[in-house]
Amino acid sequence: MTTNFADMATEAEVAAVRAVVDGIAESWAANDPDGFADAYAEDASMVLSGDRYFKGLEVIRKMTVHQFKTAHKGTTLLQNIVDLRFLSPETAVVVTEGGVLTDGETEPHPARALRATWVMAKNGEGWKIAAYQNGRLADQPLQGE
C-alpha cells in the first residue's frame, strides 16, 4: 500500500516549504548571506552549475558571503516553483525555474537561466534545505548528438 503524502500535506506545510524558497530570494535581494545560508541544514549539500559542490552550512555561508561581494552583488533571484511534492511528512521536493536577474530584468538572460531541485527536510527548527542542485536551462545538445 502506497501513501500519497501530497494529499495529506496541509496548506500550512505547503506554505512553510514555499516560504523557504521565497526566503532565499529575499535574502539574495537584500544581499544577506546569513539569511541565505541559515535556510540550509547543518549538513546540507549544494551543487551549482559549472560543477561546483559545497558541503555543510558554514561552507555554504562562506561561499555566499564571497558571491554577494563579487559576482552576484546587486543582482536578484527569480525562482518560480513548478513542482512541489511531499515524499513524507518531513520531506519535500521542490523544482524551481528562474535565474539571476540584473538591473531592469524581469526574466534572466539565457546564460543565467536555471532549473533547480531542492530537497527540504523538516526538523525541530522547521523546514530547511537538505540538498540543492541547479543547472543551466540554455539549450545545448547532449554530448554525442
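Please refer to the structure placed before this passage.
Just so it is clear, the structure is predicted and the values come from calculations on it, not from any experiment.

A. View of the overall build of the protein chain. For the protein chain, the count of helices and strands is 4 helices and 6 strands. Ordering the α and β elements of the protein chain from the N terminus gives α-α-α-β-β-α-β-β-β-β. Counting over 145 residues, the protein chain shows a buried share of 39%. Contacts in the protein chain between residues at least 24 apart in sequence constitute 48% of all its contacts with a sequence separation of at least 6. Split by element, the accessible area of the protein chain, about 8600 Å² in all, is 52% carbon and sulfur.

B. Region of the structure containing the layout of surface pockets. In this model, the largest pocket occupies a volume close to 380 Å³. Those elements that place two or more of their residues in the lining of the largest pocket are helix H2 (11-29), strand S1 (40-48), helix H4 (57-69), strand S3 (76-88), strand S4 (91-101), strand S5 (113-123) and strand S6 (126-136). Here the lining of the largest pocket takes 5 residues from S4, the largest share from any one element. Partitioned by chemical class, the residues of the lining of the largest pocket number 16 nonpolar, 9 polar and 4 charged.

C. Region of the structure containing unusual backbone geometry. Although it is not a glycine, Asn-31 adopts a positive phi angle of roughly 55°. Relative to the assigned elements, Asn-31 resides in the loop between H2 and helix H3 (33-37). Phi is positive for Asp-51, which is not a glycine, with a value near 60°. With respect to the helices and strands, the residue Asp-51 is situated in the loop between S1 and strand S2 (52-55). Residue Asp-51 is classed as exposed on the basis of its relative accessible area of 75%.

D. Expanded view of the nonpolar core. Core analysis: the largest hydrophobic core is formed by 30 residues, its most contacted members being Tyr-40, Met-46, Trp-118, Met-120 and Ile-129. Residue assignment for this core shows that the elements contributing at least two residues are H2, H3, S1, H4, S3, S4, S5 and S6. Residue contacts for Tyr-40: discarding those within four places in its chain leaves Ile-24, Met-46, Leu-57, Ile-60, Lys-128, Ile-129 and Tyr-132.

E. Molecular detail of the sheet that holds S1. Strand order across the open sheet formed by 6 strands is S2-S1-S6-S5-S4-S3, with mixed pairing between neighbours. The open sheet is flanked by S2 and S3, the only strands paired with a single partner. The sheet shows a mean angle of 15° between the axes of neighbouring strands, direction not considered. Judged from the 10 bridges that link them, S5 and S6 form a sheet pairing that is antiparallel. Each bridged residue has a counterpart across the sheet, and for Thr-117 the counterpart in S6 is Gln-133. The sheet strands contacting H2 are S1, S3, S4, S5 and S6, and the helix crosses S3 at an angle near 155°. Set on the sheet, H4 makes contact with S1 and S2; between it and S1 the angle comes to about 55°.

Here is what the cut-offs are and how they apply
- Residues numbered from 1 in each chain as written.
- Predicted model: local features only at pLDDT ≥ 70, side-chain atom pairs only at ≥ 80, totals over all residues.
- Heavy atoms only, no water.
- Helix = DSSP H or I, 4+ residues; strand = E, 2+ residues; numbered from the N terminus.
- Buried < 20%, exposed > 50% of the residue type's maximum accessible area, 1.4 Å probe, protein only.
- Contact = heavy atoms within 4.5 Å.
- Areas by Shrake-Rupley, 256 points an atom, 1.4 Å probe, with all protein chains shown as cover.
- 1 Å grid on protein atoms, 1.4 Å probe; cavity = no way out; pocket = protein on both sides within 12 Å on 5 of 7 lines; lining within 4 Å.
- Points joined across faces, edges and corners; volume = space filled by probe spheres on them.
- Nonpolar A, V, L, I, M, F, W, Y, C, P; charged D, E, K, R; others polar.
- Core = buried A, V, L, I, M, F, W, Y, C linked by side-chain atoms within 4.5 Å.
- Pairing = 2+ DSSP bridges.
- Axes fitted to C-alpha atoms, helices over the stretch in contact; angles between N-to-C directions.

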